[in-house]
There are 2 protein chains.
Amino acid sequence: MSTGIEALDILAEQFARLPGIGRKSAQRLALALLEYSDEDIQAFVSAVGEAKAKIHRCPICQNLTDREVCPVCANAARDKSVICVVEDARAVMAFERVRSYNGVYHVLHGLISPMSGITPDALTLRELLARLQDDTVKEIIMATGATAEGEATAMYISRLLSPLGVKVTRLAHGIPYGGELEYADEITLSHALAGRRNLE
Amino acid sequence: MSTGIEALDILAEQFARLPGIGRKSAQRLALALLEYSDEDIQAFVSAVGEAKAKIHRCPICQNLTDREVCPVCANAARDKSVICVVEDARAVMAFERVRSYNGVYHVLHGLISPMSGITPDALTLRELLARLQDDTVKEIIMATGATAEGEATAMYISRLLSPLGVKVTRLAHGIPYGGELEYADEITLSHALAGRRNLE
């Protein structure tokens, strides 16, 4: 979808690289930026630069932060004996919105995916193992998504950690709250059945 | 939807300003950029700067171009006696993809919209009038969209041009090709009826 204007095509390609942006939206975004004033362009460009310069990984949990140590790791009230292992920063944000979790996190920055060439050493597993050197940590909750990659990564890490004797748990799978049984797919239903609990 | 990381929120806000990007996608795009290498960030930022620096409006038709005069206006084979008046550069691209139009364009860079505070003087009407000083132009095709703003703008411009004696036409409205009658809305149907033609 060339526009015949090289600089515009290059900008549209940059937008098309971003997740969830198709060719047509990318062109639309590029054209919208061209309507910006010079000051607005400057604000956009400097927001990109500032974010990249100021935000780094927390040396403990690997979540993104603009402080030396992220607020969760720095918070003395958080339970350091439970680590919730997640795919990315967005998963941490989702858990923090719920407010019912008081442990800490470990951000993998990816999931194992042989199809996309993502091997275990691309994840922050060395940093996770380093956190298990003393016996502060009692439980690891594998909270990767219920996808093929999420399951494979949870399985891989639980095997990796089994010699260390730490308890490894997995988020429950099942019918989502408000979900109608007839619309649940077969895998969800079989998970829900396998994970059934006694009613008290 | 604050993330608690100021530089990230500022970047997400910048993305949220762009058309069709909601709060949640904006945050996703900002996080995706943070995963970029320094070189990739540099490529992104310089694509924005280059596009803004190199692309300007064609002095004749006001379409975006990186040349002195845009390729359509510079093309001696294009019929300079017909001007197709459109809202933006994307409309020109749509017409050029069809390849059945051999006239030239005039890009308004907007539509009159009292609701959004866009008055006629925000459009490139002065530049359009300047093109009608001699009698090269025989026909103006109003090709703004079939929306309230598109109709109002077409009507406004046709009244503005009527003292000049140039022929002003409007794109046909009707049932789109392949459109089922039962799914056409009432306005489309009444346009299609009003614009009915003799079958030859």
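Residues numbered from 1 in each chain as written. Chains lettered and ligands numbered in written order. Predicted model: local features only at pLDDT ≥ 70, side-chain atom pairs only at ≥ 80, totals over all residues. Heavy atoms only, no water.

**Regarding the relation of the copies chain B and chain A**
Expressed as a screw operation, the relation of chain B to chain A combines 0.0 Å of axial shift with a rotation of 180°, fitting to an RMSD of 0.0 Å. When the rotation and shift are considered jointly, the pair of chain copies conforms to a two-fold rotation axis. Within chain B, the C-alpha atom positioned nearest to the axis of rotation is that of valine 45 of chain B, 3.0 Å from it. Comparing interface residues between copies, 100% of those in chain B also lie at the interface in chain A; the contact surface is shared. (Least-squares fit on C-alpha atoms with pLDDT ≥ 70 in both. Contact = heavy atoms within 4.5 Å.)

**A closer look at the confidence of the model for chain A**
Any region with low pLDDT has predicted coordinates that should not be read closely. Of the residues in chain A, 98% have a pLDDT of 70 or more, and the chain-wide mean is 91. Across the whole predicted complex the pTM is 0.81, and at the interface the ipTM reaches 0.82. (pLDDT = per-residue confidence, 0-100.)

**Looking at the sheet that holds strand β4 (residues 103–107) of chain B**
All names here are of chain B. The strand order β4-β3-β5-β6 describes an open sheet built from four strands, whose pairing is parallel. Among the strands making up the open sheet, the edge pair consists of β4 and β6 (167–170). Neighbour-to-neighbour, the strand axes of the sheet open up by a mean angle of 30°, direction not taken into account. Bridging between strand β3 (residues 79–86) and strand β5 (residues 139–142) involves four bridges; their strand directions are parallel. In the strand pairing of β5, valine 85 is matched with methionine 142. Contacts from helix α5 (residues 89–98) reach β3 and β4, with the element oriented near 160° to β4. Here helix α7 (residues 148–161) sits on the sheet and contacts β3, β5 and β6; the angle it forms with β6, its principal contact strand, is near 170°. (Pairing = 2+ DSSP bridges. Helix = DSSP H or I, 4+ residues; strand = E, 2+ residues; numbered from the N terminus. Axes fitted to C-alpha atoms, helices over the stretch in contact; angles between N-to-C directions.)

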